[in-house]
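Coordinates in review
Listed below, chain by chain, are the residues.
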Amino acid sequence: MRRPRFPLKAKLALGALLFLAGGLLLWSALDYPAFTMEAPLRRLERENLFGPGQTVASGEIRYRQVSGQGVDQDLTWVFRRCGDRYHLAVLQALPGFLWRPAPYGSYLDFSDVKSRGVLSYPVGMEHFYDEASERWASEWVVVALADDPSVVRLEGSFGYGADETAALAAAVPARFQPVPGVDRVWVAQQAVPEPVKGPAIYSSYIFLRGYDAQGRLVYDSQTDPTYIR
């Protein structure tokens, strides 16, 4: 019995359909990447009922202490604004000039924040073993935006602890650098030792102080009841 033969056009059409289906499945598995940063940003905004927003500032996340497999070195943070609302997104660059939301911590909406002081968020936090101190630590990348126009300089410290008091006692100073070409946006990158002793569960805390052009303290996160720690 002879096998049925499919016409060449039918074979080509079937191959094209299979190729298209495979491409769609891969596109879906990669969380629908796009050729521009704007496309995933708009998608995140639609999903979170925000926008359309405009980019206030952005920057790459490059760890200094951490390297090796499993460490994302191709992430970019983006601060967006729509009216008096802010959100912070983290995108990941893929091969082929593609962009998608980061696999974790890709979106934070500041819309419910009542503070008109300083907004901050750790856009990157990777664990590593510090051979010098022979203990585990984390490298933090923190972005901060001052909604108060009088704040022109920012200082801060980061720490781990079972509560705010314990974290403040163990906090290490962090140097905030202004983002070039952008007003009132800073980035800090600092290694933070993890607790050696104490409770098995602890939290991370960010402490901020803002100063005006005359060097006066005009904002302190410890006295701001609406500040997200």
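Since this is a predicted model, take the numbers as computed values, not measurements.

**Side note on the overall build of the protein**
What the protein contains, in helices and strands, is three helices and twelve strands. Of all 229 residues assigned to the protein, the portion counted as buried reaches 39%. Residue pairs in contact within the protein that sit at least 24 positions apart in sequence constitute 57% of those at least 6 positions apart. When the accessible surface of the protein is totalled, it reaches about 13700 Å², and 57% of it is carbon and sulfur.

**A word on the side chain of Asp212**
Assignment of secondary structure puts Asp212 in the loop between strand E11 (203-211) and strand E12 (217-220). For Asp212, the side chain forms a polar contact with the main-chain nitrogen of Arg216, separated by 2.8 Å. The residues contacting Asp212, other than those within four sequence positions of it, are Ser150, Val152 and Val218.

**A short note on the sheet that holds strand E8 (residues 153-161)**
Pairing in this open sheet of seven strands is antiparallel, and the strands run E6-E7-E10-E9-E8-E11-E12 from one edge to the other. Looking along the sheet, the strands with just one partner apiece sit at the ends: strand E6 (118-130) and E12. For this sheet, the mean angle separating the axes of adjacent strands, direction not counted, is 20°. As judged from the nine bridges shared by E8 and E11, these two strands associate in the antiparallel manner.

**Things to note about the confidence of the model for the protein**
Predicted coordinates in regions of low pLDDT should not be interpreted in detail. Looking at the protein as a whole, the pLDDT averages 78, with 75% of positions reaching at least 70. Across the protein, the element-wise mean pLDDT spans from 53 in helix H1 (residues 8-29) up to 93 in strand E9 (residues 172-178).

**Focus: the pattern of salt bridges**
Evaluated as defined, the whole model comprises nine salt bridges. Glu38 is the partner of Arg42 in a salt bridge, and the nearest nitrogen-oxygen pair spans 3.0 Å. On the criterion of helical spacing, the pair formed by Arg42 and Glu38 is a turn pair, its members being four residues apart in helix H2 (residues 38-47). What makes Arg42 partly exposed here is its relative accessible area of 34%.

**Side note on the pairing of E12**
The pairing of E11 with E12 spans three bridges and is classified as antiparallel. Looking at the pairing, Tyr211 lines up with Leu217 of E12. Hairpin connection from E11 to E12: five residues lie between these consecutive antiparallel strands, with Gly215 at a positive phi of about 85°.

Thresholds applied
Residues numbered from 1 in each chain as written. Predicted model: local features only at pLDDT ≥ 70, side-chain atom pairs only at ≥ 80, totals over all residues. Heavy atoms only, no water. Helix = DSSP H or I, 4+ residues; strand = E, 2+ residues; numbered from the N terminus. Buried < 20%, exposed > 50% of the residue type's maximum accessible area, 1.4 Å probe, protein only. Contact = heavy atoms within 4.5 Å. Areas by Shrake-Rupley, 256 points an atom, 1.4 Å probe, with all protein chains shown as cover. Polar contact = N/O pair within 3.5 Å; in protein donor to acceptor, adjacent residues only side chain to side chain. Pairing = 2+ DSSP bridges. Axes fitted to C-alpha atoms, helices over the stretch in contact; angles between N-to-C directions. pLDDT = per-residue confidence, 0-100. Salt bridge = Lys/Arg side-chain N within 4 Å of Asp/Glu carboxyl O.

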